[in-house]
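# Inside the fold
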Amino acid sequence: MAPGHRLASRKIITPADLLDERVLIPGRNSPLRLALDRAFSNEDHQPTSTMETSMLNCCYFAASGMGVGIVAHTSLRSAGADIIAIPFEPRIEVSYFAIRPSGGQRIAVLDDIVRRMGELMAE
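The sections below set out a description of the structure shown in this document.

### A closer look at the overall build of the chain
The helix and strand tally for the chain stands at four helices and three strands. If you list the helices and strands of the chain from N to C, you get β-α-β-α-β-α-α. By principal-axis analysis of the C-alpha atoms, the chain measures approximately 50 × 30 × 20 Å. When burial is assessed residue by residue, the chain has 30% of its 123 residues classed as buried. Within the chain, counting contacts between residues at least 6 apart in sequence, those at least 24 apart form 64% of the total. Counting only carbon and sulfur atoms, one obtains 53% of the accessible surface of the chain, whose full area is about 8100 Å². Each charge class in the chain can be summarised by its mean position, and for the 13 positive and 14 negative side chains these summaries are 4 Å apart.

Structure representation (structure tokens):
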């Protein structure tokens, strides 16, 4: 969320905290979105306003004051936006996989990207 947002001083954010907020959420088929849908389904009321976009855009839109984004930590760090990050509960684990065809030729630039992403996630 943008610095100065009414929830910015919270230690954690729960689905109930976001019922009256515009919630910036990732696309419908992402694992994070499916987990968020389950978390919000346990509430009596759903957020009054949602906006579906990429996780990076969630960060940029949140920084501009358009709402509260819920994103994976990797996207948060990649965006480099001026935002306040507060843990969301229930905690949602996000996994990333690098998949290549069996017996396929290795490509050095792809190996470098996979290695660097692993380093970034480990930090």
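### Concerning the side chain of H5
Mapped onto the fold, H5 is located in the segment before β1 (22-25). Excluding anything up to four places from it in sequence, H5 contacts E21 and V68.

### Digging into helix α2 (residues 55-63)
When α2 is considered as a whole, its buried residues turn out to be M55, C58, C59 and A62. Summarising the axial view, the buried residues of α2 lie within an arc of 100°, below the 170-degree limit, and thus occupy one face. Lining the buried residues of α2 we find β1, α1 (31-41), β3 (68-69) and α3 (73-79). Phi turns positive one or two residues past the end of α2, at G65, with a value near 90°.

### Considering the environment of D112
Mapped onto the secondary structure, D112 falls in helix α4 (residues 108-122). For D112, a relative accessible area of 43% puts it in the partly exposed group.

Basis of the calculations
- Residues numbered from 1 in each chain as written.
- Predicted model: local features only at pLDDT ≥ 70, side-chain atom pairs only at ≥ 80, totals over all residues.
- Heavy atoms only, no water.
- Helix = DSSP H or I, 4+ residues; strand = E, 2+ residues; numbered from the N terminus.
- Buried < 20%, exposed > 50% of the residue type's maximum accessible area, 1.4 Å probe, protein only.
- Contact = heavy atoms within 4.5 Å.
- Areas by Shrake-Rupley, 256 points an atom, 1.4 Å probe, with all protein chains shown as cover.
- Lys, Arg positive; Asp, Glu negative; His and termini not counted.
- Charge placed at Lys NZ, Arg CZ, Asp CG, Glu CD.
- Arc of directions from axis to C-beta.

Remember that the coordinates give geometry; whether it matters functionally is a separate question.
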